[in-house]
Amino acid sequence: MAAATSTATTFVSSQILNLSGSSSSFSSGTQSLHFLPFELDRTSLKLKTHSFSVRASGGADSAVTLLDYGAGNVRSVRNAIRFLGFDIKDVQTPEDILNAKRLIFPGVGAFAAAMDVLNQNGMAEALCTYIENDRPFLGICLGLQLLFESSEENGPVKGLGLIPGVVGRFDSSSGCRVPHIGWNALEIKKGSEILDDIGNRHVYFVHSYRAIPSDDNKEWVSSTCNYGDNFIASVRKGNVHAVQFHPEKSGGKFLFILNPASLLLEKYWSFNIEKKPVEGKASKLAKRVIACLDVRTNDKGDLVVTKGDQYDVRENTEENEVRNLGKPVELAGQYYKDGADEISFLNITGFRDFPLGDLPMLQVLRSTSENVFVPLTVGGGIRDFTDGTGRYYSSLEVASEYFRSGADKISIGSDAVYAAEEYLKTGVKSGKSSLEQISRVYGNQAVVVSIDPRRVYLRNPNDVELKAVRVRNPGPNGEEYAWYQCTVNGGREGRAIGAYELAKAVEELGAGEILLNCIDCDGQGKGFDIDLIKLIADGVSIPVIASSGAGSVEHFSEVFSNTNASAALAAGIFHRKEVPIQSVKAHLVGKGIEVRM
C-alpha cells in the first residue's frame, strides 16, 4: 500500500509541478457524512450517557478510496481516516474510481491544474459516471467547484458539468478580502444529513473562487455562506455531497459518520478541553487567534520552540544558550486542544546542509498533523537551495514537500522581499520567483508572505519617497512620523523598501495573506504596532495577520477594534502560559468581536 501510494502521488505530482494555475482550493470525497458534537478519544466515542468502541474490521468494506491528484496537503484527511482504523485505497486508474464503494477527493490547487490531470488520466469521465450513478461521494472545496460547468480561474476552464453554474472570483470591491480565509458561518437551506448540528458553529474556509446560488442549481444547494455576497457552501443530491469548507481542518467540533453499504465510518477531531469554553453562536467570519512556534536547533542539536526579544533568541546568561520553551509537536498539540484557530511554525534554522527529505521540520509537520486538525503554516527555508551533497532543489520542490508533510500554507520571507524589489524595479512579473511559482501551482490562498519591518523615525514624512505615517508614540527625539523599513535574514539586514510598498508588490505577485511582524515590538509585551497594521491592512485587499507585541488579552481586542486585521498571532505569552488562548477568546466575545469558540 505504501509503495502504491508513493507511486501514484509522485506520478501526478510531476504533472502538477509543470502545470500553471492560480488560486482556489480543494479536497476530499466521501458519502453520507454526519457532523455531530460528540467527544472522542482514539478508542471510543463518548456520548453523554454511554460509550461504544468504533474500529474498522478488515476486508474490502473497511477501505476508503482516495483520489489524490498530487497537489497540496491531503495528509490530514489520511490521518483522520487512519485514526479510525480504516484502510486507504489510492486511485491509480479510472477503474479504481468506478469500483469504489466510497470515494474521497482530497487535495489543494487550482481549477485548471486539477481538470488537466483528471482529463489527461481519463479520470474526469469516470468521476462523472460515478457521481451520475448516485454513488457515495463527498467533494471538499475545489472538489465542490469541479462539479460545476466551468470556472473563471485562469479561464474560462470547463468543469465536470454536473451542476449548472460558473465558479467566479470573490469581488473584493465590495470590501471583502480575497482569499476568503478563516472560520465562517453557514445558513442551512435544506436537510443534508452532513450538516446536522453545525448550523451554529464556525467552519474553516480557504478559497478565492466560489459558486453563486441560482434558480438553475437551487435543487442542489443545501447551505450558503455570506462573504460579500451569498455563495454556495454545500450541495447535496441523493448520495452526492460536496462542501466548500474544509471539515478536516474545522477543529474538534464534529463527528463524521460515513454510512454507505452498511458501514459506519466515524471521524472526529476532539479538543478534549476539560473546562467547557464560552459558547458562541456563529453568524459571520470570525477573527482568528493564531499560536506561533519559532522552531530552531539548540546548541545540543535538539529541535526546540524558542522566542526572541526583538529577534534575539538567546538567554541573557553566562552560557548564552538558546531559549528553550518546549518541544514543537507537544506544544502544537496543546494549542490545538486549547482552541487555537491555526498553528504557525517558523523554522528559524536554515538546515541548508540537509537533503530535502531529511529536514527535521518535515517530521515535525508529519507528527503534528496526526492529531492537530486546524490549519498548519510553515515558514523558513522556502527558497531554491543546494544541499551538502550538491543536490539542487527549487523553491517549488521545497514547498511541495512541506505540503505533502502536512502544511496547509507556506510562509515566504526574505525571498519575497527580493522578488518584490525586482518587480518594483522592472515592472515585470518574471514568473520565476518562489512566490509566483508556488501561488501559480497551489493557489494564492496557500502562500503567506512574512514581513519583518522596523521603524525609521522622521520629522517630516516628505523626507523619504516611501510611505510614511504619523505614529502614536513619538520617536526618541520627538519625531512624529515613521516609515517601516523591511529587513531580510531574520531582521539582520535592512533593505531600501518599505513595508507598505512590499505588501502592495507581493499581493500583485500572488501572495494570499500577509504575516505582519514588527521588530520594535517583538517580545516587548506592550501591544501590537497599531500604526503599522492599519497602514498595511488598509493598503491591501488580502488578509493581514497582526504579529509581534501581544502581552495581554486587551491587546487582541485593541488590534481588532482599531485595524482591519483578519487575525492576531502570539507566541511567548502562550508558551509561558501568561495568557491562555481561551482567555483571549472569552475577552473578545465580551467585547462583541466574533471568534470561533
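Conventions adopted
Residues numbered from 1 in each chain as written. Predicted model: local features only at pLDDT ≥ 70, side-chain atom pairs only at ≥ 80, totals over all residues. Heavy atoms only, no water. Core = buried A, V, L, I, M, F, W, Y, C linked by side-chain atoms within 4.5 Å. Buried < 20%, exposed > 50% of the residue type's maximum accessible area, 1.4 Å probe, protein only. Contact = heavy atoms within 4.5 Å. Pairing = 2+ DSSP bridges. Helix = DSSP H or I, 4+ residues; strand = E, 2+ residues; numbered from the N terminus. Axes fitted to C-alpha atoms, helices over the stretch in contact; angles between N-to-C directions. Parallel < 35°, antiparallel > 145°, perpendicular 65-115°, else oblique. Left-handed = near helix turned anticlockwise from the far one by under 90°. Nonpolar A, V, L, I, M, F, W, Y, C, P; charged D, E, K, R; others polar. Salt bridge = Lys/Arg side-chain N within 4 Å of Asp/Glu carboxyl O. Polar contact = N/O pair within 3.5 Å; in protein donor to acceptor, adjacent residues only side chain to side chain. pLDDT = per-residue confidence, 0-100. Phe/Tyr/Trp six-rings, centres within 6.5 Å; stacked < 30°, edge-to-face > 60°. Lys NZ or Arg CZ within 6 Å of the ring centre and 35° of its normal.

**Student:** Run through the nonpolar core, naming residues and quoting values.
**Tutor:** Ranked by internal contacts, the top residues of the largest apolar core, which has 99 residues, are Ile343, Phe345, Tyr402, Ile438, Ile514, Phe556 and Phe574. Among all residues touching Ile438, those that are not within four sequence positions of it are Ile382, Ser395, Leu396, Ala399, Phe403, Ile410, Ile412, Gly443 and Val447. Grouped together as the second largest cluster of nonpolar side chains are 39 residues, Phe105, Ala114, Tyr130 and Trp220 included.

**Student:** Tell me about the sheet that holds strand E9 (residues 148-151), and please be specific about residues and values.
**Tutor:** Pairing in this open sheet of 4 strands is mixed, and the strands run E10-E9-E11-E15 from one edge to the other. Two strands bound the open sheet, and with one partner strand each, they are strand E10 (157-158) and strand E15 (209-211).

**Student:** So what's going on with the packing of helix H9 (residues 395-404) against helix H11 (residues 434-442)? Which residues, and what values?
**Tutor:** Their axes nearest at 9 Å, the elements H9 and H11 cross at an angle of 50°. In terms of axis orientation, H9 runs oblique to H11. Read as a crossing pair, H9 and H11 show a hand that is right-handed. Contact with H9, carried on its side by Ser395, Leu396, Ala399, Ser400 and Phe403, involves Ser434, Gln437, Ile438, Val441 and Tyr442 of H11 and no other residues of that element.

**Student:** So what about the pairing of strand E18 (residues 240-243)? Which residues, and what values?
**Tutor:** In E18, alternate side chains face the same way, and those of Val240 and Ala242 on one face and His241 and Val243 on the other are all buried. Alignment of strand E8 (residues 137-140) against E18, held across 4 bridges, turns out to be parallel. When the sheet's bridge partners are listed, Phe137 is paired in E18 with Val240. Pairing geometry for strand E17 (residues 229-237) and E18, over 4 bridges, is antiparallel. Its bridge partner being in E18, Lys237 is matched across the sheet by Val240. Between E17 and E18, which pair antiparallel in sequence order, lie 2 residues; one of them, Gly238, sits at a positive phi of approximately 60°.

**Student:** I'd love a proper account of the sheet that holds strand E7 (residues 103-105), names of residues and values included.
**Tutor:** Read across the open sheet, the 8 strands follow the order E6-E5-E7-E8-E18-E17-E16-E13; overall the sheet is mixed. Only two strands of the sheet have a single partner each, and these edge strands are strand E6 (87-90) and strand E13 (187-188). This element, helix H2 (residues 75-83), spans strand E5 (63-66), E6 and E7 of the sheet and lies at about 140° to E6.

**Student:** How would you sum up H11? Please name residues and give values.
**Tutor:** Among the 9 residues that make up H11, 8 are buried, leaving the element largely enclosed by the rest of the structure. Along H11, the residues classified as buried are Ser434, Leu435, Glu436, Gln437, Ile438, Ser439, Val441 and Tyr442. Once H11 finishes, Gly443 follows within two positions and takes phi at roughly 95°, a positive value.

**Student:** So, the packing of helix H13 (residues 530-539) against helix H14 (residues 553-562): which residues are in play, and what are the values?
**Tutor:** Relative to each other, H13 and H14 sit at 35°, their axes nearing to 10 Å. With respect to the hand of their crossing, H13 and H14 are arranged in right-handed fashion. Along the contact surface, H13 presents Ile530, Ile533 and Lys534, while H14 presents Glu558, Val559 and Asn562. The residue inventory of the contact of H13 with H14, partitioned by class, reads 3 nonpolar, 1 polar and 2 charged.

**Student:** Before we move on, can you summarise the pattern of salt bridges with the specific residues and values?
**Tutor:** For the coordinates displayed, the defined rule picks out 24 salt bridges. Of the charged contacts in the structure, one is a salt bridge between Lys409 and Glu513, with a shortest N-O distance of 2.8 Å. Taken together, the residues Lys409 in strand E27 (residues 409-412) and Glu513 in strand E33 (residues 513-516) connect sequence positions 104 residues apart. We note that Lys409, like Glu513, is buried. The residue Arg472 makes a salt bridge to Asp531 at a minimum N-O spacing of 3.8 Å. Residue Arg472 is located in the loop between strand E30 (468-470) and strand E31 (481-488), and its partner Asp531 is located in helix H13; the two are separated by 59 residues in the primary sequence.

**Student:** Please set out the side chain of Arg210 residue by residue, giving values where relevant.
**Tutor:** With respect to the helices and strands, the residue Arg210 is situated in strand E15. A distance of 3.5 Å separates a polar side-chain atom of Arg210 from the backbone oxygen of Arg169. Within the structure, Arg210 has its side chain in polar contact with the side chain of Asp229 (distance 3.0 Å). In this structure Arg210 touches Gln145, Val166, Val167, Gly168, Arg169, Phe170, Asp229 and Phe231, once residues within four positions along its chain are discounted.

**Student:** For the environment of Ser234, give the residues involved together with the corresponding values.
**Tutor:** Secondary-structure assignment places Ser234 in strand E17. Here the alpha-carbon distance between Ser234 and Gln244, two residues 10 residues apart in the chain, equals 5.9 Å. Aside from chain neighbours lying at most four places away, what touches Ser234 is Leu144, Leu195, Trp220, Val221, Ser222, Ser223, Ala242 and Val243. A distance of 2.6 Å separates a polar atom in the side chain of Ser234 from a polar atom in the side chain of Ser222. Of note is the side chain of Ser234, whose polar atom sits 2.6 Å from the side chain of Ser223.

**Student:** Lay out the confidence of the model for the chain in plain terms, naming residues and giving numbers.
**Tutor:** Scored by pLDDT, the chain has a mean of 81; 76% of the residues are at 70 or more. Counting interchain partners and residues more than four positions distant, the pLDDT-below-50 stretch residues 1-58 has 200 contacts. Confidence drops under a pLDDT of 50 for residues 310-315, and excluding neighbours within four residues, the segment shows 29 contacts in the predicted structure.

**Student:** Account for helix H16 (residues 581-590), with residues named and values stated.
**Tutor:** Of the residues making up H16, those classed as buried are Ile581, Gln582, Val584, Lys585, His587 and Leu588. Looking one or two places after H16, you find Gly592, whose phi comes out positive at around 80°.

**Student:** Give a description of the packing of aromatic side chains that names residues and reports values.
**Tutor:** The tally for this structure, following the rule as stated, stands at 10 aromatic pairs. On the basis of an interplanar angle of 20° and a centroid distance of 6.4 Å, the ring pair of Phe556 and Phe574 is categorised as stacked. With a gap of 18 residues between them, Phe556 in helix H14 and Phe574 in helix H15 (residues 572-575) connect regions that are remote in the sequence. The residues Phe556 and Phe574 share a single accessibility class, namely buried. Above the face of the Phe170 ring, Arg210 is positioned so that its terminal group lies 5.4 Å from the ring centre. Lying across the ring of Tyr500, Lys467 places its NZ or CZ 5.4 Å from the centre.

**Student:** Hey, could you go over the environment of Gly491 for me, with residue numbers and the actual values?
**Tutor:** When you line up the elements, Gly491 lands in the loop between E31 and strand E32 (493-498). Classification of Gly491 by relative accessible area gives buried; the value is 10%. Residues Gly491 and Pro453 lie 38 residues apart in sequence; the distance between their C-alpha atoms is 7.7 Å.

**Student:** With reference to specific residues and values, describe unusual backbone geometry.
**Tutor:** In this structure, the amide linkage connecting Gly155 to the following residue, Pro156, adopts the cis form with an omega of 25°. Residues Val178 and Pro179 are joined by a peptide bond in cis, for which omega reads 10°. With respect to the element layout, Pro179 can be found in the loop between strand E11 (163-169) and strand E12 (180-184). The residue Asp134 is not glycine, and still its phi comes out positive at about 60°. Look at Asn154: it is not a glycine, yet its phi comes out positive at around 50°. Turning to its location among the elements, Asn154 is positioned in the loop between E9 and E10.

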